[in-house]
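Per-entry structural report
Letter by letter, the chains look like this.
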Protein chains: 4
Amino acid sequence: MKVSFIGLGRMGQVMAGRLLDAGHELMVYNRSPEKTAELSRRGAKVARSIADACGQGGPVLTMLADDGALNAVVTGSGGIIDSLPRHGIHVAMGTHQMETIRSLASAHEAAGQVLVAAPVLGRPAVVSSGKLGIIAAGPAEAIGVVQPLFDAIGRRTFSAGPTPSSASLLKLCNNMVLACAIEAMGEAFSLVGKAGIATNSFREVLTNGLFQCIAYESYSQAIVDRKWDEVNLTATLALKDIGHVLAVAEALKVPLPSANVCRDRLLGAAAHGDAARDWSVMALEQARASGLERD
Amino acid sequence: MKVSFIGLGRMGQVMAGRLLDAGHELMVYNRSPEKTAELSRRGAKVARSIADACGQGGPVLTMLADDGALNAVVTGSGGIIDSLPRHGIHVAMGTHQMETIRSLASAHEAAGQVLVAAPVLGRPAVVSSGKLGIIAAGPAEAIGVVQPLFDAIGRRTFSAGPTPSSASLLKLCNNMVLACAIEAMGEAFSLVGKAGIATNSFREVLTNGLFQCIAYESYSQAIVDRKWDEVNLTATLALKDIGHVLAVAEALKVPLPSANVCRDRLLGAAAHGDAARDWSVMALEQARASGLERD
Amino acid sequence: MKVSFIGLGRMGQVMAGRLLDAGHELMVYNRSPEKTAELSRRGAKVARSIADACGQGGPVLTMLADDGALNAVVTGSGGIIDSLPRHGIHVAMGTHQMETIRSLASAHEAAGQVLVAAPVLGRPAVVSSGKLGIIAAGPAEAIGVVQPLFDAIGRRTFSAGPTPSSASLLKLCNNMVLACAIEAMGEAFSLVGKAGIATNSFREVLTNGLFQCIAYESYSQAIVDRKWDEVNLTATLALKDIGHVLAVAEALKVPLPSANVCRDRLLGAAAHGDAARDWSVMALEQARASGLERD
Amino acid sequence: MKVSFIGLGRMGQVMAGRLLDAGHELMVYNRSPEKTAELSRRGAKVARSIADACGQGGPVLTMLADDGALNAVVTGSGGIIDSLPRHGIHVAMGTHQMETIRSLASAHEAAGQVLVAAPVLGRPAVVSSGKLGIIAAGPAEAIGVVQPLFDAIGRRTFSAGPTPSSASLLKLCNNMVLACAIEAMGEAFSLVGKAGIATNSFREVLTNGLFQCIAYESYSQAIVDRKWDEVNLTATLALKDIGHVLAVAEALKVPLPSANVCRDRLLGAAAHGDAARDWSVMALEQARASGLERD
């Protein structure tokens, strides 16, 4: 089917490539046009403008780095809202805040268009291997229309119901659970370390038993090897995510003591100069609090 | 090699069976003698007493349900300390408290014997499939002697160093990390639930992404399906474990805020009548605190 | 000296009255003019407009109920910014948020005027008895000018330095310490209650010993007597205050675990339907979490 | 009335002195006999042994430094249990653990004697000024008998009911509330400090307003003046007290999140080498966690 793809960063490139591979009629657009070269060579049409991409006749997928970029592309002059026909579908696949998605959903609705939020779980290598998970939220009919595109891009689509911002919430919750896992590992590694046991032994116990999964394997490795400067997510951005979760929790009246512990840990890390490092510094900060590490 | 096995509960049966399968010369002892029938049929010798088992000439493995049973078998009159020759090796494979292991290690040492602690990670089905993990701690030489037995019983041995009680600590830490994971899931499920999103969608996001492992798969299922009465570990026993972790942490001066959150959650569950249910009631108690569940 | 007073609610009435008592030349203004009657009778001039009040020639004091009212009076058309001469001093004595004070301070500065923030500690009865505390923050010279007015209104002025918003922060911190005190009492009363000891005995131990002060006397009484519906500060407003403290703490990188505990407790209370009651319901919610109270 | 007093440390001296002042017939005993000189000069009889003191015919009051000393005096050979007649009353006025009081109460009961626990709130100077508070727990009839003695020693007696160990619990709870107050001050002072406001201003706001009491006055002073080495209670002993509170809370199923925060803070302080300093180092440790202080 016809489909346009806006935003050809590292993730966008591989995602769009899979649409081509699956035989869809792909049109691509990127602010820096040189990013379209490779896909164009492989058969994609190149749009000269957002309006161009919106006029192709199929859904428009965006994969943008942050809320600012998404807002500009959607609500800017000559943007998606201005250009997409009535009943047109915009699928926002980046990771965006609930408020952003909520306000864009309203803007699309006012223009007679439909927004589907569909953030993804994984990095470029996961996309290439065909194992990407997609969290889709929006009107069921629209999701039905774009499902073949999700099937081409990823392995599995998780439904988060009819409200687009719910997809953002599930992603935030996933991240919060990960923060709690990192904090728990940090606490356990400090205890093991102060007891004089090799931390790597504990790492092996964890990851060969109940916790044989990416979250524990990669972060326990980062902690044991002190890879604070191989950044997946900075402590600053992790704080922002936790802050969003806590704001939702305040609105919904849900006490989240573990999320608070993570927030405090990240604040401590930031207070000790680690704001720009990987959020696995939560474990470094735990070790400081335990007197295992000096400032 | 020659080996004696004391304690033929459900775990002990399958563990001892694997020693037979691997061709070791097995002698077995159990307080209730009928438990020895099946292994005897398959070729094991049956000891009439603990002393008998200790006199066979090889290491003595115990797999006992609790610290009381282990203390009775080891330090009771006619027990392992009384019966094992000098330089004899006792391998305690049950899950025991650090203090118990510490005091038995001293008693064995005073008698010129050696204690190896080797608690295991897994249930009977895991043993049968050959995937059991074993955490071994004790003098390196003794562990070298019994390694072929560990290789027959399990898939992998994790070394926790020369102090037997360290093996108990690693197991406690593993459990603490699991408690934190359950708490984090409980918090996330309450948030998702109050946001009006199907909890099962979030379960799928978790367990198809970063958390594709037994801990998250089984406990998220228990939470979504409200299987509070399928008991793996009662809230009461979980409290006891967390209490042990916190006592070690106090001795070593390690602040453990997440462990405290778990302790408080379990206390809340117990205060609401759930002490005898599975510790996944941590999520039920979270839901109560969030106003999602009534008492 | 000449002074104008805007905002004659219950606090404003008694504060302005003390200025008259001390012999200052008072001009008053209130949106609802009937509130000026009593002070007028006692000798105050009545301004017909904010502009009128700002033209009297002395400092302008405001005592307004919330940030919305303050913003309207200061930045609205014909408001203080429009009307106060260059070098004129506006003293904001209500309890306002840091951001509000920060933005009004900029607006005054741009108009060549000076803002002093001077929130007070106490209720009308405290003002009448001459025991009001005033937290003053702003340029030292301006505070010097208005000090005689503070001396007339209250007993003591605490200096919070040259930045007006610092006064708001001190007030927020004072409130946070109070929240922690209420939470601590809640925890202790639950423990005492479940131990079968009369809670009033514990109340007496507290308030006749180290904690012989208003905070503990009044809130322990509220808890023991279950005066959840005599509202000093609703749980909702307390949550808002704690939220402001936590936002400042996030910006300054200060982990605040006790403040988080209070926030969670207030969220729990709100989740159980107590949002509009007095924030002493923190203790009621604690009792619920301990199984002492049913929903 | 006749009364014997055992334990003439600094507190014991002034307490016993007040009994004399009130005209009671006092007999005193102390392990180091030189401590009896001053009271003897003022008219007290001096007992040569515990048995002697128990044979005087009135109640026996003890004021001993710790549980070890109390146990020795009560249950040792020739101790109070051995020497006090049936129906004799022993009033333990030191600060002792619940388990100690519980076990001594049983021992006295088995001997047909009565134990009243009556720990006090205050230091020697408070006793001299006649303002001591006494928390009394035990059989009502026995308390009735000794009430005139309490009236001579202190200003006020708080009743903690018929179970002697309840008095210990109230004292522990009082201490827990104080720990929470110190933690709250530490959090607030870090926030104020990082905001660039003079900490002493905040101290004045606190202690001239809602918190005008010994707890806040003395500990805020200790924090602002960094008097970590003027020891009222060491961090180590504070940890022990909090540990006792948490153990009672576990038995009674009461979650105590603020007490946990205090425990973690004290553990952090101990991990950074401050175990032997005054527990006001909770604020120093808070400042470390906030990056305000280096190790």
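Every chain's residues receive numbers from 1 upward, in the order its sequence appears when written. Written order determines the labels here, with chains lettered from A and ligands numbered from 1. Residue-level local features of this predicted model are given only where pLDDT is at least 70; pairs of side-chain atoms are given and counted only at 80 or more, and the full residue set underlies all totals for whole chains, interfaces and linings.

Right, let's talk about the relation of the copies chain B and chain A for a bit. Superposing the copies works by least squares over the C-alpha atoms of residues that have pLDDT at least 70 in both of them. For the pair chain B and chain A, the relating rotation is 180 degrees, the translation along its axis is 0.0 Å, and the fit reaches an RMSD of 0.1 Å. With respect to symmetry, the two chain copies, as superposed, fit the operation of a two-fold axis. Nearest to the rotation axis, the C-alpha of C213 of chain B is located 2.7 Å from it, this being the minimum over chain B. Two residues form a contact once the distance between their C-beta atoms, set from the backbone, is within 7 Å. Looking at the interface residues of chain B, 100% of them are also at the interface in chain A, so both copies use one shared face.

Contacts between the two partners involve 57 residues from chain B, matched on the other side by 57 residues from chain A. Per the convention used, a helix needs a DSSP run of H or I reaching at least four residues, while a strand needs a run of E reaching at least two, with both numbered from the N terminus. Of all the elements in the fold, those that place two or more residues in the side of chain B that touches chain A are β8 (133–136), β9 (156–159), α9 (165–194), α10 (199–207), α11 (214–224), α12 (235–252) and α13 (257–271) of chain B. Of the residues forming the side of chain B that touches chain A, the biggest block, 19 residues, is contributed by α9 of chain B. Under the scheme applied here, ten amino acids are nonpolar (Ala, Val, Leu, Ile, Met, Phe, Trp, Tyr, Cys and Pro), four are charged (Asp, Glu, Lys and Arg), and all others, including Gly, are polar. Here the side of chain B that touches chain A is built from residues that sort into 38 nonpolar, 13 polar and six charged.

Our focus in this paragraph is helix α6 (residues 98–110) of chain D. Residue and element names in this part refer to chain D. Given the number of residues in a helix, its expected span is that number minus one, multiplied by 1.5 Å. The first and last C-alpha atoms of α6 sit 18 Å apart over 13 residues, in line with the 18 Å expected at 1.5 Å per residue. M98, T100, I101, L104, A105 and H108 are the residues of α6 that are buried. All buried residues of α6 fall inside an arc of 155 degrees around its axis, so they share one side. Exposed side chains of α6 directed beyond 90 degrees from the buried face belong to S106 and A110. The elements touched by buried residues of α6 are α4 (67–75), α5 (80–83), β5 (89–92), β6 (114–117), α9 (165–194) and α12 (235–252). Within two residues after α6, G112 carries a phi angle of roughly 75 degrees, on the positive side. Think of it as a crowd count around each C-beta: if 20 or more other C-beta atoms lie within 10 Å the residue is buried, if 12 or fewer it is exposed, and in between it is partly exposed, with C-beta placed from the backbone throughout. To be clear, the arc concerns the directions from the helix axis to the C-beta atoms.

There are two copies of the chain, and a rotation about an axis plus a shift along that axis relates them. For the pair chain A and chain D, the best superposition has an RMSD of 0.1 Å and corresponds to a rotation of 180 degrees with a translation of 0.1 Å parallel to the axis. A shared interface surface links the copies, since 100% of the contact residues of chain A are contact residues in chain D too.

Another aspect to go through is the interface of chain A and chain D. With nine residues of chain A in contact, the opposing surface of chain D contributes nine residues. Looking at the side of chain A that touches chain D, the element that brings in the most residues is helix α13 (residues 257–271) of chain A, giving three residues.

Turning our attention to the confidence of the model for chain A. Across chain A, the average pLDDT comes to 96, with 100% of residues at 70 or higher. Model confidence for the complex: the whole-complex pTM is 0.92, and ipTM, which rates the interface, is 0.90. How sure the predictor is of each residue is captured by pLDDT, a score from 0 to 100.

This next bit is on the sheet that holds β8 of chain B. Residue and element names in this part refer to chain B. Read across the open sheet, the three strands follow the order β7-β8-β9; overall the sheet is mixed. For this open sheet the edge positions go to β7 (120–121) and β9, each flanked by a neighbour on one side alone. Between any two strands, pairing holds if DSSP finds at least two bridges. For β8 and β9, the ladder comprises four bridges, and the chain directions are parallel. Bridge assignment links G133 to a residue of β9, and that residue is R156.

Let us now look at helix α1 (residues 10–21) of chain A. Residue and element names in this part refer to chain A. Here α1 contains twelve residues, and its C-alpha end-to-end distance of 17 Å stays within 8% of the 16 Å for a straight helix at 1.5 Å per residue. The complete set of buried residues in α1 reads M11, G12, Q13, V14, M15, A16, G17 and L19. Next to the buried residues of α1 lie β1 (2–6), β2 (25–29), α2 (37–41), α7 (124–128) and α8 (140–153). Positive backbone phi, approximately 90 degrees, marks G23, located one or two places after α1.

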